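Fold and contact review
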Amino acid sequence: MTDNTLLDASPTFGLDSAALFDLPKPASESRIVVAMSGGVDSSVVAALAADTGAEVIGITLQLYDYGAATGRKGACCAGDDIQDARAVCDRLGIAHYVFDHESAFREDVVEQFADEYLAGRTPVPCIRCNMGPKFTDLFRMARELGADCLATGHYVRRVMESSGPELYRAVDPSRDQSYFLYATTQEQLDYIRFPLGGLPKTQVRELAEAAALRNAAKPDSQDICFVPDGNYAKIVKSLRPEGGIPGDIVHAQTGETLGTHKGIVHFTVGQRKGLDIGGQPEPLYVVGLDANSREVRVGPKVMLAVSEAKVIETNRIGPLPDAPLTAKVRSLAKPVPIELIGELGDGATCSIRFAEPEFGVAPGQAAVIYCGERVVGGGWIDGTTAAA
């Protein structure tokens with residue numbers, strides 16, 4: 001049974017908790033499964049779900065326990081986080097289940113992360129995780145548990161339109177996670193709820209404190225849970241030792257060898273620091289990586305300018321709008337105007353043509369397409385065309 005007496009202090013601050021979950025039937029007859037990472041966001045979602053009066057079940061996927069291995073707090077879905085999720089569920093009086101997905105996560109996300117770096121690409125493992133364990137597997141589990149919806153702590157908005165639900169950027173731009181969720185399928189969006197998309201992070205913290213959740217002040221987890229201290233190369237080389245084989249740093253315009261490196265896994269397109277090739281007449285950037293020859297190719301910033309990008313394995317959410325489109329080619333980039341060439345969705349390949357040259361467009365990253373605040377879809381950047 002859900003213990004709603006824990007929320008008598010009205011931590012929702014006047015929010016209509018039931019409306020946040022858009023349940024298909026009365027809350028008293030509903031069951032909500034909440035994906036719980038152990039962080040404050042998913043914990044507040046569980047508290048809001050309990051406040052509706054529905055039966056609530058928390059599910060945590062144990063994915064990768066680097067938090068325990070390194071002593072670093074805030075590693076998503078690791079040992080300490082599972083304990084925090086369990087404590088929150090105990091506080092709220094709801095059921096909590098833990099499922100071991102470590103082997104599947106390693107194969108589908110971590111191993112692929114290493115392979116992408118080894119191939120000279122710049123991966124986005126958080127998208128791979130959402131496409132796999134966090135949505136596909138949780139979606140199936142929630143269905144098997146007879147839930148009316150699956151709720152997560154992601155900062156995006158699910159907006160119901162005449163043609164069905166659509167995905168929108170979060171109200172709080174500093175917390176928006178829409179870039180990482182472009183691959184959400186229509187079937188998933190019918191079933192998944194994002195109660196925090198319309199709230200600022202400050203209010204979410206207040207809700208956690210009002211509900212007396214033990215992780216109310218817990219720091220936000222880092223994006224890549226399995227990379228301690230941001231040392232990507234260490235992880236890649238531990239899985240793929242060949243990633244540490246030295247090679248040449250070559251000027252992409254002149255062909256001159258400017259130095260050597262300790263493995264291409266240390267570099268990404270657009271990188272400037274860490275090249276160790278001082279004495280050059282102008283700043284040089286990584287403009288390309290050749291995995292076969294192990295060459296790191298560098299050049300002036302102008303060589304990073306891209307006019308077009310090939311996008312593969314695309315997904316579309318809702319109808320394609322007859323309106324101007326923008327795209328983000330990195331998670332922290334601002335959306336820029338683009339022209340869509342070809343079909344978007346159902347795994348099709350298309351191209352996006354930038355209205356102005358775009359810099360730092362790296363194969364392996366995602367291109368996410370927007371119409372205003374709405375997420376139209378996206379795919380993986382497979383190649384680029386240099387600006388004239």
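Residues numbered from 1 in each chain as written. Predicted model: local features only at pLDDT ≥ 70, side-chain atom pairs only at ≥ 80, totals over all residues. Heavy atoms only, no water.

What about the overall build of the protein chain?
For clarity, the cut-off: Strands here mean DSSP runs of E at least two residues long; helices mean DSSP runs of H or I at least four residues long; both are numbered from the N terminus. As defined in this context, the radius of gyration uses C-alpha atoms, and a globule is described by 2.2 Å times the residue total to the power 0.38. Using a 1.4 Å probe on the protein chains alone, a residue whose accessible area is under 20% of its type maximum counts as buried, one over 50% counts as exposed, and one in between counts as partly exposed. Should any heavy atoms of two residues lie within 4.5 Å, those residues are considered in contact.
A count of helices and strands for the protein chain gives nine helices and 17 strands. In terms of C-alpha radius of gyration, the protein chain reaches 22 Å, essentially the compact-globule figure of 21 Å for 388 residues. Each of the 388 residues in the protein chain was classed as buried or not, and the buried ones make up 55%. Sequence separation of at least 24 residues holds for 69% of the intrachain contacts in the protein chain that already meet a minimum separation of 6.

Comments concerning the environment of L199
For L199, the position within the fold is in the loop between β7 (192-193) and α8 (201-210). For the pair L199 and F113, spaced 86 residues apart in the sequence, the C-alpha separation amounts to 32 Å. With residues near it in sequence (within four places) discarded, L199 still touches L15, Y155, D172, V204 and L207.

Side note on the confidence of the model for the protein chain
Heads up, the condition is: The score called pLDDT rates the predictor's confidence residue by residue, from a low of 0 to a high of 100.
Predicted confidence across the protein chain gives a mean pLDDT of 89, with 92% of residues reaching 70 or more. The model gives residues 1-13 a pLDDT under 50, and that stretch makes 31 contacts with residues more than four places away or in other chains.

Some points on the nonpolar core
Using the following cut-off: In this text, buried Ala, Val, Leu, Ile, Met, Phe, Trp, Tyr and Cys residues form a nonpolar core when linked through side-chain atoms within 4.5 Å.
Membership of the largest hydrophobic core comes to 52 residues, with the highest contact counts inside it found for F105 and F226. Contributions of two or more residues to this core are made by β1 (31-35), β2 (55-62), α5 (102-118), α6 (125-144), α7 (186-191), α9 (232-239), β16 (366-371) and β17 (374-386). Take this core: its biggest share by element is eight residues, from α6. Aside from chain neighbours lying at most four places away, what touches F105 is L63, Y64, V110, C129, P133, C225 and F226. Residues L23, A27, A46 and L196 belong to the second largest nonpolar core, which totals 32 residues.

Description of the side chain of R193
So the rule is basically this: Identification of polar contacts relies on pairs of N or O atoms within 3.5 Å, with a donor-acceptor requirement for protein atoms, meaning one able to donate a hydrogen and the other able to accept it, and with residues adjacent in sequence counted only if both atoms are side-chain atoms.
Note that R193 resides in strand β7. Within the local environment of R193, its side chain forms a polar contact with the backbone oxygen of D22, the two atoms lying 3.2 Å apart. Dropping the residues within four chain positions of it, R193 is found in contact with F21, D22, C149, L150, A151, T152 and R158.

Here's the deal with the side chain of S42
With respect to the element layout, S42 can be found in helix α2 (residues 40-51). Owing to a relative accessible area of 5%, S42 belongs among the buried residues under this scheme. From its side chain, S42 meets the backbone nitrogen of S37 in a polar contact 3.1 Å long. When near neighbours in sequence (up to four residues on either side) are disregarded, S42 contacts V34, A35, M36, S37 and G153.

Thoughts on unusual backbone geometry
If a residue is not glycine, its phi is most likely negative; likewise, a peptide bond is most likely trans. The phi angle at D276 is positive, at roughly 55 degrees, despite the residue not being glycine. Taking the relative accessible area as the measure of exposure, D276 reaches 74% and is therefore exposed.

Quick word on the sheet that holds strand β8 (residues 247-251)
What counts here: The rule for pairing is simple: two strands pair if DSSP sees at least two bridges between them. Interaxial angle, 0 to 180 degrees, is taken between N-to-C directions of lines fitted to C-alpha atoms, where a helix line uses only the stretch in contact.
Strand order in the open sheet made by the four strands is β9-β8-β11-β10, with mixed pairing throughout. With one partner strand each, in any of the chains shown, β9 (257-261) and β10 (285-290) form the two edges of the open sheet. Looking at each pair of strands side by side, their axes are set apart by 30 degrees on average, direction ignored. One ladder, built from five bridges, connects β10 with strand β11 (residues 295-299); its direction is antiparallel. Looking at the pairing, Y285 lines up with G299 of β11.

Some points on α9
An α-helix turns once every 3.6 residues. As a result, residues three or four positions apart point the same way. Where we set the bar: By arc we mean the arc of the directions from the helix axis to the C-beta atoms, nothing more.
Every buried residue of α9 is accounted for by A233, I235, V236 and L239. The arc enclosing the buried residues of α9, seen along the axis, measures out at 160 degrees, which places them on a common side. Looking at α9, the residues exposed on the side facing more than 90 degrees away from the buried face are K234 and S238.

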